[in-house]
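# Structure assessment
Residues per chain, in single letters:
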Amino acid sequence: MNQMNEAKMVVGSDEWCAFPSLNIPAIKAKVDSGAKTSSLHAVNIQSFPRNGEQWVSFDVHPLQDNRKTKVHCEAQIIDQRFIKSSNGDKEKRHVIRVPISLGEKSWSVEVTLTDRDSMGYRMLLGREAMTGRILVDPEGQCLLGERSQDVLAELYKSPDIRTGGLKIGLLASNPDLYSNRRIIEAAEARGHEIQFLNIKNCYMKLDATTPEIHYRGGRVLNDLDAVIPRIRPSMTFYACTLLRQFESLGIYCLNTSIAISQSRDKLRSLQLLLDNGLDIPTTGFANSPLDTGDLIDMVGGAPLIIKLLEGTQGKGVVLAETRKAADSVINAFKSLNANILVQEFIKEASGKDLRCFVIDGRVVASIQRVAAPGEFRANIHQGGHAELVKITPDEKRIAIKAAKAMDLRVAGVDIIRSNKGPLLLEVNSSPGLQGIETATNEDIASRMIMAIEKQLLHKK
Ligand SMILES: Nc1ncnc2c1ncn2[C@@H]1O[C@H](COP(=O)(O)OP(=O)(O)OP(=O)(O)O)[C@@H](O)[C@H]1O
Ligand SMILES: [Mg+2]
Ligand SMILES: [Mg+2]
């Protein structure tokens, strides 16, 4: 038994493989003995007849988090199979048989093609391909050797696999804003090329084969590595359309269009946060002024908070101290066809709230915002000021969970301290840097750039 095992190759939980006949010199596979058949993540899968046989053509993005490096492949179809994927869905897939190289060895394996766009591994190595040849050491990774970015760039002869500076676009409206100046400064200091892209000056070509984004004057922006969106609420619709276009070109967006657009819908955000087990102040929402009385009762009566759904910087947030005031304010807004929500007033917060800046699942800085005397809104724009604060482990956990629930890699999470514990107020997808960098002395702009580097450069 031992002797037999000695002849077997020991692999870790992931390994670099190659498919010489498909011109794929390196692709990192997740070693998955739980799956029977191996699979390759392929796009543009199309079957066609060739000399009386059924063939398939497809494209493979062999490198994780890189949709620019693409290999076009063709192979004979040897079977069609229904495969149950990890999410439980059954899917009919083409099966091909090709030689695989792993370490020093090479043999032929069956591989199914799937166009599930997994941002993780581009390939799964199933047990059928390993039987009799491989032992798995789940603690190890790339036991048969790593591939550096330099080696990959050479193998794929691709300038897109960068080892040095990245080409970054800052998609925003005002290059003179503190936040935007800091992001540009930080990107340049870290050796990247960054260009300010005014949202209004970008336009796009929607086309199945050659989609493009142009900048005023005709310059094509397709060769960016990453885009940092900093979108003011009034530009959300157009900017998210642009972001979707960047995404479909395989350009990494620090916050995605989907995450940003859902974060801009206050009610949807609150529902998502609740779905993820996060607590918010009790909130009510109605369509018709006829329901005002019950709406007020629902959130516990006056005093209560009324918020315009489209409001920002505290402008659309009103405190109604009495039931009568609440009733008239709600009806006044309703008569203007304004969308509002009503919310339990967290009096004990005494005009303070917390802003936690989350990047890539970590709270990188937090401040307490304190309202001006006589004001309940802590917004800096309403005269509030920022103070240093130590947040509790629970608050940290909530902030991280909220950013994750909203699928935001960069988020400003606002929390209010209530008698019932910390409650979530809202999650911002383009949180400002000035107040928080000044108060904490943290270099948050650099942390944002580092989050991009982690995705595009240093990922093994
Ligand atoms: N339910 C509440 N109870 C007590 N204070 C509240 C409550 N909701 C909001 N506030 C205070 O009012 C401020 C503004 O509210 P909120 O953050 O919801 O709206 P906004 O700031 O206008 O929106 P945005 O941050 O998107 O610009 C908060 O920072 C907080 O200090
Ligand atoms: Mg706010
Ligand atoms: Mg907001």
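Residues numbered from 1 in each chain as written. Chains lettered and ligands numbered in written order. Predicted model: local features only at pLDDT ≥ 70, side-chain atom pairs only at ≥ 80, totals over all residues. Heavy atoms only, no water.

The chain is annotated in an unreviewed UniProt entry as Probable alpha-L-glutamate ligase from Marinomonas aquiplantarum. Of the chain, the UniProt comment under Sequence similarities (unreviewed entry) reads exactly: "In the C-terminal section; belongs to the RimK family." (UniProt positions renumbered as here; feature names shortened; annotations may be inferred.)

Summarising the metal site, the magnesium ion (ligand 3) is bound by the protein donors Glu426 (OE) and Asn428 (OD1), whose distances to it range over 2.2 to 2.4 Å. In this structure, the magnesium ion (ligand 3) lies 5.0 Å away from the magnesium ion (ligand 2), the two metals sharing Glu426 as a donor. Judged by its relative accessible area of 21%, Asn428 falls in the partly exposed class. (Donors = N, O, S within 2.8 Å, 3.2 Å for Na, K, Ca; no water. Buried < 20%, exposed > 50% of the residue type's maximum accessible area, 1.4 Å probe, protein only.)

The next subject is the site of ligand 1. In the vicinity of ligand 1, 21 residues are found, and the nearest of them are Lys307, Gln313, Gly314, Asp353 and Glu426. One nitrogen or oxygen atom from the main chain of Gly314 is found 2.7 Å from an oxygen atom belonging to ligand 1. Contact between ligand 1 and Glu344: a nitrogen atom at 2.9 Å from a main-chain N or O atom of the residue. Burial of ligand 1 by the protein amounts to 94% of the accessible area it has alone, namely 610 Å². For the shell around ligand 1, the elements supplying multiple residues, two or more each, are strand E19 (304–308), strand E21 (340–344) and strand E26 (421–428). For the shell around ligand 1, the leading source of residues is E26, giving three residues. Per-class residue counts for the shell around ligand 1 are eight nonpolar, seven polar and six charged. (Near = heavy atom within 4 Å. Polar contact = N/O pair within 3.5 Å; in protein donor to acceptor, adjacent residues only side chain to side chain. Areas by Shrake-Rupley, 256 points an atom, 1.4 Å probe, with all protein chains shown as cover. Helix = DSSP H or I, 4+ residues; strand = E, 2+ residues; numbered from the N terminus. Nonpolar A, V, L, I, M, F, W, Y, C, P; charged D, E, K, R; others polar.)

Enumeration over the complete set of coordinates arrives at one aromatic pair. With 6.1 Å between their ring centres and 85° between their planes, Phe345 and Phe376 make a pair best called edge-to-face. Taken as a pair, Phe345 in the loop between E21 and strand E22 (352–359) and Phe376 in the loop between strand E23 (362–370) and strand E24 (385–388) lie far apart in primary sequence, 31 residues in all. For Phe376, a relative accessible area of 23% corresponds to the partly exposed category. The side chain of Arg50 reaches across the aromatic face of Trp55, ending 4.5 Å from its centre. (Phe/Tyr/Trp six-rings, centres within 6.5 Å; stacked < 30°, edge-to-face > 60°. Lys NZ or Arg CZ within 6 Å of the ring centre and 35° of its normal.)

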